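# Structure assessment
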Number of protein chains: 2
Amino acid sequence: MSFFDHDRKVIAVDMDEVIADALAEHLSRYNRDFPDDFPQPLTLANLHGRRLWQAVPPSRHAALDAYFRNDDFFRHLAVMPDAPRVLQRLQSRYEIFIASAAMEVPSSFTAKYDWLAEHFPFIPTSHIVFCGNKSILRADFLIDDNPRQLGAFHGEGILFTSPANVNVTDYRRVNNWQEAESLFLR
Amino acid sequence: MSFFDHDRKVIAVDMDEVIADALAEHLSRYNRDFPDDFPQPLTLANLHGRRLWQAVPPSRHAALDAYFRNDDFFRHLAVMPDAPRVLQRLQSRYEIFIASAAMEVPSSFTAKYDWLAEHFPFIPTSHIVFCGNKSILRADFLIDDNPRQLGAFHGEGILFTSPANVNVTDYRRVNNWQEAESLFLR
């Protein structure tokens, strides 16, 4: 893949909730610290159509925000199933960029960079983007769980299913990386 | 400026040698640490047409690289003359993104972010991009001192003069921010 390779279609791929399971870590820290908020620990199923912030008492919002600012939060996230295998396959046909809205959480830069190096070593650092508004990305496709970012993006948005976006109908949807594999390599 | 403002032309602006004087800091550290390499301290004029790496003995390259990895290198750089005033004026007519190839020096993320917050507080974090290959930027213009990045970029490249690029003739050139102001707001 050369620096000037403009021929292949470009796919930009979000990190949190798409290749990195930030929500599971968030939920786990919340349940650990506030075991008495609900009769049972909060689960992904409880979030159907809602962000975590909408599912917990407003008095917990500051705590949810603080988890993100913890230096190690983004360093040890679980990898979304099949993401490394499928992205490596997609690289044979597409130019793959990882594009995270990391500017929202500046303390996450190093952890996110190191996490990518560990789990996606086949992505060159030239193809990693930490940004804010994804309107700045020049790509043919953006795979993202955030409808707001897909709305700002100028190519074709592909909505990666996460609990918060299950009711969104404005974009082509993939529920997991196997479906993304079929979509792009069929 | 709304999240979905797609109407205004977009200008992406590089950091080092365009709004931040990384070269002056680099030169100053080099002259401080290796005063005996040359009869006189190395100056910007000595670099005419060359990068700093090409102007010093190869035995010093590791030292030059190491300066970049120092956490505070990018935190205290001088601001290029007129850059804040002109960029703030340009914001009234254009959408301005700051786009740095920070992935080449991951240790620079926090310093660059904090430096921008100090000197360019009018740039929202949604409009800051740390990337590698600038082919990923969707912008109408890129103001950059690096011909390689302008070559990868898909919009119109504007070459910001730095000592290393004085012989490059492939792009429209601005020698300073006053010239950029005239070009974009004439």
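Here, every reference points to the structure presented above.
An account of the accompanying structure is given in this report. (Residues numbered from 1 in each chain as written. Chains lettered and ligands numbered in written order. Predicted model: local features only at pLDDT ≥ 70, side-chain atom pairs only at ≥ 80, totals over all residues. Heavy atoms only, no water.)

This brings us to the relation of the copies chain B and chain A. Turning chain B through 180 degrees and shifting it by 0.0 Å along the axis lays it on chain A, with an RMSD of 0.0 Å. Here the transformation between the copies is reduced to the relation of a two-fold axis. Rotation axis and chain B: the residue whose C-alpha lies nearest the axis is R138 of chain B, separated from it by 2.1 Å. Most of the interface of chain B is mirrored in chain A, where 100% of its interface residues again form contacts. (Least-squares fit on C-alpha atoms with pLDDT ≥ 70 in both. Contact = heavy atoms within 4.5 Å.)

Between chain B and chain A, the contact holds 29 residues from the first and 29 residues from the second. Taking both sides of the interface into account, the surface hidden between chain B and chain A amounts to around 2800 Å²; carbon and sulfur atoms contribute 68%. At the boundary of chain B and chain A, one finds nine residue pairs in polar contact (both at pLDDT 80 or more). Elements with a contribution of two residues or more to the side of chain B that touches chain A: helix 5 (109-119), strand 3 (128-130) and helix 6 (147-152) of chain B. A total of four residues in the side of chain B that touches chain A trace back to one element, the largest contributor, which is helix 6 of chain B. In terms of residue class, the side of chain B that touches chain A is made up of 16 nonpolar, eleven polar and two charged. (Buried area = accessible area lost by both parts, 1.4 Å probe. Polar contact = N/O pair within 3.5 Å; in protein donor to acceptor, adjacent residues only side chain to side chain. Helix = DSSP H or I, 4+ residues; strand = E, 2+ residues; numbered from the N terminus. Nonpolar A, V, L, I, M, F, W, Y, C, P; charged D, E, K, R; others polar.)

Attention shifts here to the pattern of salt bridges. All told, the structure shown has 26 salt bridges over all chains when counted by the stated rule. Residue D82 of chain A pairs with R85 of chain A through a salt bridge whose shortest N-O separation is 3.8 Å. Among the residues examined, D82 of chain A registers a relative accessible area of 28% and is labelled partly exposed. For R85 of chain A, a relative accessible area of 41% gives the class partly exposed. The salt bridge involving E25 of chain B is made with R29 of chain B; its shortest N-O contact spans 2.7 Å. Residue E25 of chain B and its partner R29 of chain B are located together in helix 1 (residues 22-33), separated by four residues, close to a single helical turn. Here E25 of chain B falls in the partly exposed class, since its relative accessible area comes to 23%. Among the residues examined, R29 of chain B registers a relative accessible area of 8% and is labelled buried. When salt bridges that share partners are traced, they join D82, R85, R89 and E181 of chain A into one network. (Salt bridge = Lys/Arg side-chain N within 4 Å of Asp/Glu carboxyl O. Buried < 20%, exposed > 50% of the residue type's maximum accessible area, 1.4 Å probe, protein only.)

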